[in-house]
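The chain contents come next:
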Amino acid sequence: MVIRIPSSKVIYSFSPGNKPVARAKPGDLVLFETLDALGGQVKSEDTPLESIDWSRVNPATGPVYVEGAEPGDTLVVDVLDIAYSDTAVILVAPGYGALYDKKIRPRARILRVDDGFLRFGSLRIKLRPMVGVIGVAPAEGEVPTGSLGEHGGNMDVSVLGRGVRVYLPVFVEGALLALGDLHLVQGDGEVCVSAAEVSGEVLVRVGLVKKCRPRFPVLDLGDRYAILAYGETLDEAAYRATEAAVEAIAKSQNLSFEDAYMLASLIVDLKINQVVDPYKGVRAEIPKDYVKIRDLLCTHKH
Ligand code: CA
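Residues numbered from 1 in each chain as written. Predicted model: local features only at pLDDT ≥ 70, side-chain atom pairs only at ≥ 80, totals over all residues. Heavy atoms only, no water.

Draft legend 1. The overall build of the chain, seen in detail. When helices and strands are tallied, the chain shows 3 helices and 23 strands. The C-alpha atoms of the chain give a radius of gyration of 19 Å, which matches the 19 Å a tight globule of 302 residues would have. Principal axes of the C-alpha set define a box for the chain whose edges measure 60 × 40 × 40 Å. The proportion of buried residues among the 302 residues of the chain is 53%. Considering only residue pairs separated by 6 or more positions, the chain has 76% of its internal contacts joining residues 24 or more positions apart. (Helix = DSSP H or I, 4+ residues; strand = E, 2+ residues; numbered from the N terminus. Rg over C-alpha atoms; globule rule 2.2 N^0.38 Å. Buried < 20%, exposed > 50% of the residue type's maximum accessible area, 1.4 Å probe, protein only. Contact = heavy atoms within 4.5 Å.)

Draft legend 2. Just the state of the cysteines, in detail. According to the stated counting rule, one finds 1 disulfide in the structure shown. Each disulfide pairs two cysteine sulfurs, and for Cys212 the partner residue is Cys298, the sulfurs being separated by 1.5 Å. With a gap of 86 residues between them, Cys212 in the loop between strand E19 (200-209) and strand E20 (218-220) and Cys298 in the segment after helix H3 (293-297) connect regions that are remote in the sequence. You'll find Cys212 and Cys298 in the same group, each marked buried. (Disulfide = S-S within 2.5 Å.)

Draft legend 3. Here's a closer look at the environment of Gly62. Looking at where Gly62 falls in the secondary structure, it is placed in strand E6 (residues 60-66). Sequence separation between Gly62 and Leu176 is 114 residues, and the spatial gap between their C-alpha atoms is 7.7 Å.

Draft legend 4. Layout of the packing of aromatic side chains. Counted under the stated rule, the structure contains 3 aromatic pairs. On the basis of an interplanar angle of 70° and a centroid distance of 5.3 Å, the ring pair of Tyr230 and Tyr279 is categorised as edge-to-face. Of this pair, Tyr230 sits in strand E21 (residues 224-231) while Tyr279 is found in the loop between strand E22 (269-274) and strand E23 (280-287), placing the two residues 49 residues apart along the sequence. With relative accessibility at 27%, the residue Tyr279 sits in the partly exposed group. Counting every residue linked through ring pairs, the aromatic cluster contains Phe216, Tyr230 and Tyr279. (Phe/Tyr/Trp six-rings, centres within 6.5 Å; stacked < 30°, edge-to-face > 60°.)

Draft legend 5. Expanded view of the nonpolar core. Ranked by internal contacts, the top residues of the largest apolar core, which has 77 residues, are Val30, Leu75, Ile134, Val166, Leu219 and Ile286. In terms of residue count, helix H1 (residues 234-253) provides more of this core than any other element does, 8 residues in total. Both domain 1 (2-85 + 128-213) and domain 2 (228-301) contribute no fewer than three residues apiece to this core. Beyond its immediate chain neighbours, meaning those up to four positions away, Val166 contacts Leu75, Val76, Val77, Val79, Ile134, Leu160, Val218 and Leu219. Judged by nonpolar contacts, the second largest core, of 12 residues, contains Leu38, Leu49, Val89 and Val276. (Core = buried A, V, L, I, M, F, W, Y, C linked by side-chain atoms within 4.5 Å. Domains from an automatic or database assignment.)

Draft legend 6. Inspection of the domain arrangement of the chain at higher detail. Domain boundaries in the chain define domain 1 (2-85 + 128-213) and domain 2 (228-301). Measuring from the centre of the C-alpha atoms in domain 1 to the corresponding centre in domain 2 gives 23 Å. Regarding the contact of domain 1 and domain 2, the summed buried area is about 1,700 Å², with carbon and sulfur atoms giving 60% of it. Contact with domain 2 buries area across many residues of domain 1, yet Leu148, Cys212 and Arg213 alone supply 29% of it, more than any other trio. Counting every contact that joins domain 1 to domain 2 gives 1 salt bridge. In this structure, Asp188 engages Arg283 in a salt bridge whose closest nitrogen and oxygen atoms are separated by 3.2 Å. (Buried area = accessible area lost by both parts, 1.4 Å probe. Salt bridge = Lys/Arg side-chain N within 4 Å of Asp/Glu carboxyl O.)

Draft legend 7. Quick peek at the pairing of strand E16 (residues 165-169). Counted residue by residue, E16 has 4 buried out of 5 residues, so it is predominantly covered. Summarising the sheet, E16 and E20 pair through 3 bridges and their orientation is antiparallel. Bridge pairing links Arg165 to Asp220 in E20. (Pairing = 2+ DSSP bridges.)

Draft legend 8. Layout of the pattern of salt bridges. A complete count under the given rule lists 16 salt bridges for this structure. Between Glu285 and Arg224 there is a salt bridge whose closest N-O contact spans 2.7 Å. Of this pair, Glu285 sits in strand E23 while Arg224 sits in strand E21, and the two are 61 residues apart along the sequence. For Glu285, a relative accessible area of 2% gives the class buried.

Laid out in structure tokens, this is it:
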């Protein structure tokens, strides 16, 4: 049985106060119907961007209460499949993106899928469908779904696609999982502030690791793990990603901090997630040969 969450059930902030729209047990399959990052408000290239209701952007579908999840645990989310509409939107606007100071005109483009590729004018771009927003409720307060943090959120990680396992720290009972903001394809950095924003459906299986939680969300990418750190600046995000990676490697390999630091310099790849959201995101990718998942999930200092 699949628990289906319709796209009418959306939130605009991650919060312990959000009422769950469904309950799932570890092992259950959940299908989230998702809206695009603009809430479906841009249907043509003629839509004036001034007409967008910015309080209805970055919706995430949910939240789902996962039975047995308690603060201090880790929620496991296997992204089994991503289905998507064949029409996406991308936009630019002055004040946004990596080149925020450029005097540019606000502009939207509608991009279409054609035979497994995204058309951009006469160019064809290979699809790499991914989930931009995935997260749980923080311990307190409300975090807008356009932002990110230890709870996940708008992380915009280009490699968070089909077949990836996501580990999220649990802060409240039931975890309160929500997701949305699918991209048909996005480069690391998401430089112009948006990607190929699309509506769709995400099929996941939920699970739990009890009594252990990571400092930051972690991805299992098959041959390697990725720690998803964030910060006010790219430097701060890189510092935190590196620190978490070195601590996990030291534990897994039973090395001094100094030796683990040196080993990390040889085998860890720091990559940019995005530079355009409220916090910058950097991921530390570590080949599985050098680190155990338990040490990635249990390095958080309580
Ligand atoms: Ca996003």
